[in-house]
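# Coordinate inspection notes
Listed below, chain by chain, are the residues.
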Amino acid sequence: MRTTTTTGEGRLLVSGEDGPGIVAAVSAILTGHGANIVSLDQHSTGPSGGRFFQRAVFHLDRLADQRSALEVDLHRELGERFGLQWSLVDTAVPKRVALFASKLDHCLLDLLWRHRRGDLPMEITHVVSNHTDLAWVGDRFEVPFTHIPVARGAKGEAEAAQLDLLKGTVDLVVLARYMQILSGDFLAALGVPVINIHHSFLPAFVGAAPYRKAKERGVKLIGATAHFVTEDLDEGPIIEQDVVRVSHTDSTDDLVRRGADVERLVLARAVQAFCEDRIMRDGNTTVVF
């Protein structure tokens with residue numbers, strides 16, 4: 001059962017072809033229902049024929065009770081009149097998130113710790129791993145842990161088991177250094193976004209031993225990239241990136257440690273942005289408010 005609280009706060013996400021009158025219409029709809037707009041961010045890709053993106057945060061007493069009437073007006077004014085896509089979010093209902101990991105623990109532990117502190121507004125429904133090394137986090141953080149091994153030549157069976165576990169229970173899957181490639185069939189059947197953390201500014205140093213390769217190239221910056229997962233490996237829309245400066249005095253182990261730090265931070269930022277409805281996709285890119 002989903003955990004809910006009563007906040008009266010909602011978020012309205014709007015996207016589509018830009019044109020005059022959209023901002024006024026959004027404001028009129030919300031205020032017409034007695035809502036107080038507390039934050040409004042928008043972006044247009046061009047003044048003529050561009051794509052429009054907007055994120056409005058508002059407060060409305062008894063939002064759950066008034067939601068149906070509000071959605072009728074949103075459909076009529078934004079959907080039918082302007083041809084826009086929109087979604088209405090009640091912040092009292094947290095995002096349901098599954099965390100996937102393999103043996104490396106730094107990203108998984110960071111997300112679990114931030115969640116325990118109340119820094120990430122989400123409900124962790126599952127921790128899934130293809131190994132048992134991190135099974136202890138289930139008891140330590142009071143989250144469900146499921147071991148689903150991925151045997152050589154049996155990825156399909158493993159993905160079927162994962163889909164059975166996740167069906168209807170998640171709004172997001174986070175690959176917290178899950179060292180398996182997800183198939184296109186799995187992504188299509190899953191039906192919710194998947195966020196991955198990559199150990200570089202894409203697409204540099206792909207494959208195994210990225211920090212050794214970085215050391216051999218004498219890099220002065222190492223970084224991490226959080227992106228949505230698509231069927232094209234490591235080419236999904238980018239959500240968040242960051243770097244840390246290194247020097248010739250740093251060993252490969254130093255790079256691994258410093259890389260783990262930036263991976264944790266970048267992934268946490270991306271997950272928080274998703275849980276706060278700050279990410280809007282536009283083809284193979286993103287608008288992050």
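Model, not experiment: these values are computed from the prediction.

### A look at the overall build of the chain
If you tally the helices and strands in the chain, you get 8 helices and 13 strands. Here the C-alpha atoms of the chain give a radius of gyration of 21 Å, agreeing with the 19 Å that 2.2 N^0.38 yields for 289 residues. Its C-alpha atoms give the chain principal-axis dimensions of about 60 × 40 × 35 Å. Restricting the contact set of the chain to residue pairs at least 6 apart, pairs at least 24 apart contribute 67%. Entry remark: accessible area of the chain is about 14,300 Å², with carbon and sulfur atoms responsible for 50%.

### Topic: the packing of aromatic side chains
The final tally for this structure, using the stated rule, is 1 aromatic pair. Between Phe100 and Tyr178 the ring centres are 5.2 Å apart and the planes differ by 80°, which places this aromatic pair in the edge-to-face class. On the criterion of sequence distance, the pair formed by Phe100 in strand S5 (residues 95–101) and Tyr178 in the loop between strand S8 (172–175) and helix H6 (184–190) is long-range, its members being 78 residues apart. Across the ring face of Phe228, the terminal group of Arg281 is positioned such that the distance to the ring centre comes to 4.7 Å.

### Here's the deal with the pairing of strand S10 (residues 221–228)
Counting buried positions along S10 gives 7 out of 8 residues, so the element sits mostly inside the fold. As paired strands, strand S9 (residues 194–198) and S10 are joined by 4 bridges and run antiparallel to one another. In the strand pairing of S10, Ile195 is matched with Phe228. Sheet topology places S10 next to strand S11 (residues 238–245); 7 bridges connect them, and they run antiparallel. Counterpart to Thr225 in the pairing with S11 is Gln241.

### Some words on the UniProt feature "active site" (unreviewed entry) in the chain
Feature annotation in UniProt places "active site" (unreviewed entry) on Asp234, given in this structure's numbering. Within the secondary structure, Asp234 sits in the loop between S10 and S11. Within polar-contact distance, the side chain of Asp234 engages the side chain of His198 at 3.2 Å.

### Some details on helix H2 (residues 63–81)
Approximately 35° is the largest bend angle found in H2, and it occurs at Ala69. Among the residues of H2, Leu63, Gln66, Leu70, Asp73, Leu74, Glu77 and Leu78 are the ones counted as buried. Tucked inside the fold, the buried residues of H2 contact strand S1 (9–17), helix H1 (22–32), strand S3 (51–59) and strand S4 (85–90). Among the residues trailing H2, Gly83 stands out with phi positive, at a value near 65°.

### As for helix H7 (residues 210–217)
Among all positions in H7, only Pro210, Tyr211 and Ala214 are buried. All buried residues of H7 fall inside an arc of 95° around its axis, so they share one side. Elements that come into contact with the buried residues of H7 comprise S10 and helix H8 (252–275). Downstream of H7 by a residue or two, Gly218 has a phi angle that is positive, lying close to 70°.

### As for the nonpolar core
Within the largest apolar cluster, 34 residues are counted, with the highest numbers of intra-cluster contacts made by Leu99, Leu108, Leu111, Leu112 and Leu267. Counting residues per element, the ones that place at least two in this core are S5, helix H3 (106–117), strand S6 (122–129), helix H4 (137–141), S8, S9, S10 and H8. No other element matches H8, which puts 9 residues into this core. With sequence-adjacent residues up to four places away left out, Leu112 is seen in contact with Leu99, Ile124, Val127, Val137, Phe141 and Val143.

### Structural notes on the sheet that holds S10
In space, the 7 strands of this open sheet follow the order S7-S6-S5-S8-S9-S10-S11, with mixed pairing throughout. Only two strands of the sheet have a single neighbouring strand rather than two, namely strand S7 (145–147) and S11. With direction set aside, neighbouring strand axes in the sheet form an average angle of 20°. Of the pairings in the sheet, the one linking S5 to S6 comprises 7 bridges and is parallel in character. Looking across to S6, one finds that Leu99 is bridged to Val127. The sheet strands contacting H8 are S5, S6, S8, S9, S10 and S11, and the helix crosses S11 at an angle near 150°.

Here is what the cut-offs are and how they apply
Residues numbered from 1 in each chain as written. Predicted model: local features only at pLDDT ≥ 70, side-chain atom pairs only at ≥ 80, totals over all residues. Heavy atoms only, no water. Helix = DSSP H or I, 4+ residues; strand = E, 2+ residues; numbered from the N terminus. Rg over C-alpha atoms; globule rule 2.2 N^0.38 Å. Contact = heavy atoms within 4.5 Å. Areas by Shrake-Rupley, 256 points an atom, 1.4 Å probe, with all protein chains shown as cover. Phe/Tyr/Trp six-rings, centres within 6.5 Å; stacked < 30°, edge-to-face > 60°. Lys NZ or Arg CZ within 6 Å of the ring centre and 35° of its normal. Buried < 20%, exposed > 50% of the residue type's maximum accessible area, 1.4 Å probe, protein only. Pairing = 2+ DSSP bridges. UniProt positions renumbered as here; feature names shortened; annotations may be inferred. Polar contact = N/O pair within 3.5 Å; in protein donor to acceptor, adjacent residues only side chain to side chain. Bend = angle between axes of the 7 residues up to and from the residue. Arc of directions from axis to C-beta. Core = buried A, V, L, I, M, F, W, Y, C linked by side-chain atoms within 4.5 Å. Axes fitted to C-alpha atoms, helices over the stretch in contact; angles between N-to-C directions.

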